[in-house]
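# Tertiary structure, described
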Amino acid sequence: MPFDGKGYFTRVHNWEDDRINDIEIVTDHHDEEDDNFAEGLNECLLRDGRVPMKDNFDAGNFQIKNLRDATLDEDAVNFGQLKNQINVLKEALLANVNNGLKVGDVKISLQAANHDNWLLCNGQEISRADYPDLFKAIGINFGAGNGTTTFNVPNYQGKFLRGLGGNSAADFYTKQAEGLPNITGGTENASFSNVGEGSGCIITEGSGSYVAGAGGIGSKYARFRIDASKSSSIYGASSHVTPENYAVNYFIKAKAEV
C-alpha cells in the first residue's frame, strides 16, 4: 500500500487476498511497485522521527496528542506552553505599565469606586499603616483623619484640576477660589445731565430732564444700571463659574504594585 508525501494511500492492495489466491509475495526482487512502497514509507512521519518528512504534515483535522514541552528553537510548542507564555507576557506588560505609575499619581477614569490600589479622590479617610507610601507622599495636607492613625485623600469632586504655577494656587494643597474680573461703570455727577442711550452691558431707565436748545427742558433717562448678560449670555447663566464640561472621577494611586 504505497503512500504519498502526506501519508495518504495511493492505491489499495490486499496482501491477504494475494495469500488466499496463492499469489506469491516476494521481497527479494526490485521492481517499480516495491520502489513506490519504499518511497511512500520514507515520506511518512515515523513515531521515532528517524525518517524525515518530505512534505507538509496534514493531521486531517485531528489533534496531535501528548506533545512534550519544546526545548529547542526548532521544536513545536504545545498549547500549555503557549498559554503559559501568554500569561507571562501579560504580567510583564501589566507590570511595565504599573511600574510607570507612582504612588501619588492622579488619573481620570469612568470607574465608580476604589480599584486595583487606586482610591477615589472624594476626601475619604484611610489608614496610615495600610497606605504608608501615600501618607509619605501627601501627609495630612488634605486632612489629618482622626489625627493619629488615619489621613485623608484629596477631594476633587466638583473641581477642575489645573497645572501648578503661573497664577494658579500656590501649592498642590490649597484650593483656589473661583472668580471673574469685576465689571464697573458710572457717569459724572451733573445737573440736568442727559444719560443717553445704553449699549453693551449698560441699561438706561427712568425719567429725567436735561437742558434742551434755547434754554428749554427736555425729558430723557434719569439713571442706568449694569447687566453683563446683555453683552454675553454666559454671564448670569450660573451662580458660579462653570465651563462646559462632562463629569469624570479622579483617582489617586495609593500603593505600588507587588
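Residues numbered from 1 in each chain as written. Predicted model: local features only at pLDDT ≥ 70, side-chain atom pairs only at ≥ 80, totals over all residues. Heavy atoms only, no water.

## Overview of the side chain of Thr-150
Within the secondary structure layout, Thr-150 lies in strand S4 (residues 150-152). Assessed through its relative accessible area of 12%, Thr-150 is described here as buried. At 2.8 Å, the side chain of Thr-150 and the side chain of Glu-125 are in polar contact. A distance of 2.7 Å separates the side chain of Thr-150 from the backbone nitrogen of Asn-146, its partner in a polar contact. (Helix = DSSP H or I, 4+ residues; strand = E, 2+ residues; numbered from the N terminus. Buried < 20%, exposed > 50% of the residue type's maximum accessible area, 1.4 Å probe, protein only. Polar contact = N/O pair within 3.5 Å; in protein donor to acceptor, adjacent residues only side chain to side chain.)

## Regarding the nonpolar core
Within the largest apolar cluster, 12 residues are counted, these being Leu-119, Cys-121, Ile-126, Tyr-131, Leu-134, Ile-138, Phe-151, Val-153, Tyr-156, Tyr-250, Ile-252 and Ala-254. Among the elements of the structure, helix H4 (132-138) and strand S9 (249-253) are those that each provide at least two residues to this core. (Core = buried A, V, L, I, M, F, W, Y, C linked by side-chain atoms within 4.5 Å.)

## A short note on the packing of aromatic side chains
Using the criterion set out here, one finds 5 aromatic pairs in the structure. Relative to Tyr-250, the ring of Tyr-156 lies with its centre 5.9 Å away and its plane at 80°, an arrangement referred to as edge-to-face. Pair noted here: Tyr-156 is in the loop between S4 and strand S5 (202-205) and Tyr-250 is in strand S9, with a separation of 94 residues, a long-range link. Considered together, Tyr-156 and Tyr-250 belong to a single accessibility category, that of buried residues. Clustering of aromatic rings is evident, with ring pairs tying together Phe-142, Tyr-156, Phe-172, Tyr-173 and Tyr-250. When the ring centre of Trp-118 is taken as origin, the NZ or CZ atom of Lys-107, which lies over that ring, is 4.5 Å away. Lying over the aromatic face of Tyr-131, Lys-255 brings its terminal NZ or CZ to 5.1 Å of the ring centre. (Phe/Tyr/Trp six-rings, centres within 6.5 Å; stacked < 30°, edge-to-face > 60°. Lys NZ or Arg CZ within 6 Å of the ring centre and 35° of its normal.)

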